[in-house]
2 protein chains.
Amino acid sequence: MSEFLKGLIRDIPDFPKPGIVFKDITPLLNDSKGLPEAVSAMAEPFRGKVDTVLGIESRGFIFGAPVAIALGVGLALVRKPGKLPSDTKQMTYELEYGTDTLEIHTDAIPKGGRVVLVDDLLATGGTAAAAVDLVSELGGDLVGASFLIELGFLPGRGKVSPVPVHSVIRYD
Amino acid sequence: MSEFLKGLIRDIPDFPKPGIVFKDITPLLNDSKGLPEAVSAMAEPFRGKVDTVLGIESRGFIFGAPVAIALGVGLALVRKPGKLPSDTKQMTYELEYGTDTLEIHTDAIPKGGRVVLVDDLLATGGTAAAAVDLVSELGGDLVGASFLIELGFLPGRGKVSPVPVHSVIRYD
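Report follows, based on the coordinates. Predicted, not measured: the structure shown is a model, and the values here were computed from it.

1. Details of the overall build of chain A
Counting its secondary structure elements, chain A contains six helices and nine strands. Over its C-alpha atoms chain A spans a radius of gyration of 15 Å, differing by no more than 12% from the 16 Å that the globule rule assigns to 172 residues. Its C-alpha atoms give chain A principal-axis dimensions of about 40 × 40 × 30 Å. Burial analysis of chain A (172 residues in total) assigns 54% to the buried set. Restricting to contacts in chain A with at least 6 residues of sequence separation, those with at least 24 account for 57%. Split by element, the accessible area of chain A, about 7100 Å² in all, is 52% carbon and sulfur. Once the 17 positive and 22 negative side-chain charges of chain A are each reduced to a mean point, those two points are 2 Å apart.

Here it is as structure tokens:
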């Protein structure tokens, strides 16, 4: 794990609600060395192994395009409902309270296309698991999921299983 | 203007509402040649001229990080309200119906820092103008705004003036 990158993550207590310590990545993004190093570290294990990067709205969008460029492939988007203009598939998943929905364009991933999911944070894994299901519904081959940060004390990795998880910075 | 890139933009009629022709950039993002070419074209005029790239939520996030990496600088974020965890400044601006609000971390841009704003689309310019005001409030020096697409038949360029606008693909 990169101590340099970890040193660029800022703890914000009680955000978004009391008792939660939010891992703020904005100092890392703001750092001219930290940003490209994070992108390289997220892309590295997937070099030559994927055809498409899947970026998850909205912080996943930050890393999706540079990881895709580093891997020499295109970027597909998973968005909140009503944002994608063409034909979509939807997936609704459970949150702590209530549900949330994600969408993908039905032509975003070719059948059999090898996909790596990219997001900033793996926490409970609900969003990532829904994205995994969307790729599977489109007939894509999800070869892995790459996160800048993994909260190892939450069940995210198990939720995404059997898709292999790669994380650059881990908190246990 | 790049005819190759323009050929990767898809028209979606009547989205998000009847009478609007939406310029869908997802085929361009999905193209392994189109994505890096778009990023290079957005970054090129600002090489050596800026200290920070400002990415606007949420499609601006897609281009913000790779443009920052291409320019060798960091990325600052402008987000919808309640998403940024530390101290923020807010700016509320008018839409066709109602208002919208954007936020920036108060430490996102150093005083006097040279900034280029990055977003996918310049249309009416309301969002971009609000981001210009936020940079100005933080004491940043906005040297330009870079868009993948400019709708030249809308008043966006004038709204952002006197900040110079660079766009890769223009529709008149």
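Having seen the model, we can carry on.
2. Quick notes on the interface of chain A and chain B
The interface of chain A with chain B comprises 39 residues on the first partner and 39 residues on the second. A buried area of about 2900 Å², summed over both sides, lies between chain A and chain B, and 62% of it is on carbon and sulfur atoms. Of all residues in chain A, Asn-30, Ile-69 and Pro-85 of chain A bury the most surface against chain B, accounting for 18% of the area lost on that side. At the junction of chain A with chain B, the criterion picks out two salt bridges. Across the pair Asp-107 of chain B and Arg-10 of chain A runs a salt bridge whose closest N-O atoms are separated by 2.8 Å. On inspection of chain A and its partner chain B, the count reaches 14 residue pairs in polar contact (both at pLDDT 80 or more). At the level of secondary structure, the elements contributing two or more residues to the side of chain A that touches chain B comprise strand S1 (10–13), strand S2 (21–24), helix H2 (26–29), helix H3 (34–43), helix H4 (59–71) and strand S4 (74–79) of chain A.

Basis of the calculations
Residues numbered from 1 in each chain as written. Chains lettered and ligands numbered in written order. Predicted model: local features only at pLDDT ≥ 70, side-chain atom pairs only at ≥ 80, totals over all residues. Heavy atoms only, no water. Helix = DSSP H or I, 4+ residues; strand = E, 2+ residues; numbered from the N terminus. Rg over C-alpha atoms; globule rule 2.2 N^0.38 Å. Buried < 20%, exposed > 50% of the residue type's maximum accessible area, 1.4 Å probe, protein only. Contact = heavy atoms within 4.5 Å. Areas by Shrake-Rupley, 256 points an atom, 1.4 Å probe, with all protein chains shown as cover. Lys, Arg positive; Asp, Glu negative; His and termini not counted. Charge placed at Lys NZ, Arg CZ, Asp CG, Glu CD. Buried area = accessible area lost by both parts, 1.4 Å probe. Salt bridge = Lys/Arg side-chain N within 4 Å of Asp/Glu carboxyl O. Polar contact = N/O pair within 3.5 Å; in protein donor to acceptor, adjacent residues only side chain to side chain.

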